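Analysis of the macromolecular model
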Amino acid sequence: MGYGYGYGYGYYFDPTYILIIIGMVISLMASASVKSTMAKYKKVRCSTGLTGAMAAEQILYREGISDVTIECMEDSDGDHYDPRTKTVRLSSDVYRGATVTSVAVAAHECGHAIQHAKSYAPLSVRAAMVPVVNLASNLSMPLILLGVVLSWNQVLINIGIFAFSGALLFQLVTLPVEFNASSRALAKIGQYGLLAEEENRGCKKVLRAAAFTYVAAAMATVLQLVRLVLLFGGGRRRDD
């Protein structure tokens, strides 16, 4: 769609494509920021000597959470908390690394475990949304394109746009979940003395950079949604 549409009259440049470019730039900037920040503090060993796994164990133990397990995953699998199995999954670098980055990431995932244990409402809402949002996201573009093919059927197009907006709603719900998990992580790191005071500053930078990736994703989705509305939500077909 970046170059426009052709109905026997050739192609024209689609000016709304600039929205996609802006979204990509924002996402790339966020990704570069988090990678560079994590790489920087992965070189800073924490004075307490705690690995990510040890930090996670201490947080969960001191919080009285005994039904959550900690697993070491391949690096490509990333770091996350699985509420279905009550498992904190850490990449091997985070699991074994005794660095500021490792402790920060492990504490963040434990923040999600604490949310789950305390029935944090946004986490429950996000978990409930996952299957619906996945289905809606997969159907959105086929519905829009089908609507265009069927003589610009605005009903199908609007349903597709509405389905796509579910992805944005999911990301908006994700923001407080992620920011709250980071807040809990910082609080527990300080409360339990997992990092020295000067190391806490690096921890904050790591978590702040990671949080910006979620903000960037939401911004990119907003721009995509605006583009879909501009292209297909006008109730008229493109004949030029």
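Up top you'll find the structure we're talking about.
Residues numbered from 1 in each chain as written. Predicted model: local features only at pLDDT ≥ 70, side-chain atom pairs only at ≥ 80, totals over all residues. Heavy atoms only, no water.

1. A look at the packing of aromatic side chains
The cut-off we apply is this: Only Phe, Tyr and Trp rings take part, Trp by its six-membered ring, and two of them pair if their centres are within 6.5 Å. Stacked means planes under 30 degrees apart, edge-to-face means over 60, and tilted covers everything else. Think of it this way: any DSSP run of H or I at least four residues long counts as a helix, any run of E at least two long counts as a strand, and we number them from the N terminus. For each residue, the accessible area found with a 1.4 Å probe, counting protein chains only, is set against the maximum for its type, and the residue is called buried under 20%, exposed over 50%, and partly exposed in between. Sitting over a ring, as applied to charges here, requires NZ of Lys or CZ of Arg to be within 6 Å of the ring centre and within 35 degrees of the ring normal.
One pass over the full model with this rule turns up one aromatic pair. Considering the side-chain rings of Trp-152 and Phe-232, the 5.9 Å spacing of their centres and the 40° angle between planes classify their relative orientation as tilted. Taken together, the residues span a long stretch of sequence, with Trp-152 in the loop between α5 (121-149) and α6 (154-191) and Phe-232 in helix α7 (residues 197-232) at a distance of 80 residues. Note on accessibility: Trp-152 and Phe-232 belong to one class, buried. The side chain of Arg-184 reaches across the aromatic face of Tyr-120, ending 5.5 Å from its centre.

2. Details of the pattern of salt bridges
Operational definition: Every case where a carboxyl oxygen of Asp or Glu lies within 4 Å of a side-chain nitrogen of Lys or Arg is listed as a salt bridge.
Scanning all chains against the criterion turns up seven salt bridges. Connected through shared salt-bridge partners, Glu-71, Asp-82, Arg-84 and Arg-89 make up one network.

3. Some remarks on the sheet that holds strand β2 (residues 80-82)
The condition that has to hold: Two strands are counted as paired when DSSP detects at least two bridges linking them. For helices, the fitted axis covers only the stretch in contact; all axes are lines through C-alpha atoms, and the angles between them, taken along N-to-C directions, range from 0 to 180 degrees. Here, residues are in contact when the closest pair of their heavy atoms is within 4.5 Å.
As summarised here, the arrangement of the three strands in space is β1-β3-β2, forming an open sheet in which the pairing is mixed. Each end of this open sheet is capped by a strand with a single partner; those strands are β1 (69-73) and β2. Put simply, the sheet's adjacent strands are angled 25° from each other on average, direction ignored. In this sheet, strand β3 (residues 87-91) lies alongside β1 in parallel orientation, the contact comprising five bridges. The residue of β3 that forms the bridge with Thr-69 is Thr-87. In the packing of helix α2 (residues 52-62) onto the sheet, contacts are made with β1 and β3, and the angle to β1 comes to roughly 165°.

All quantities given are derived from atomic positions and should not be read as evidence of function.
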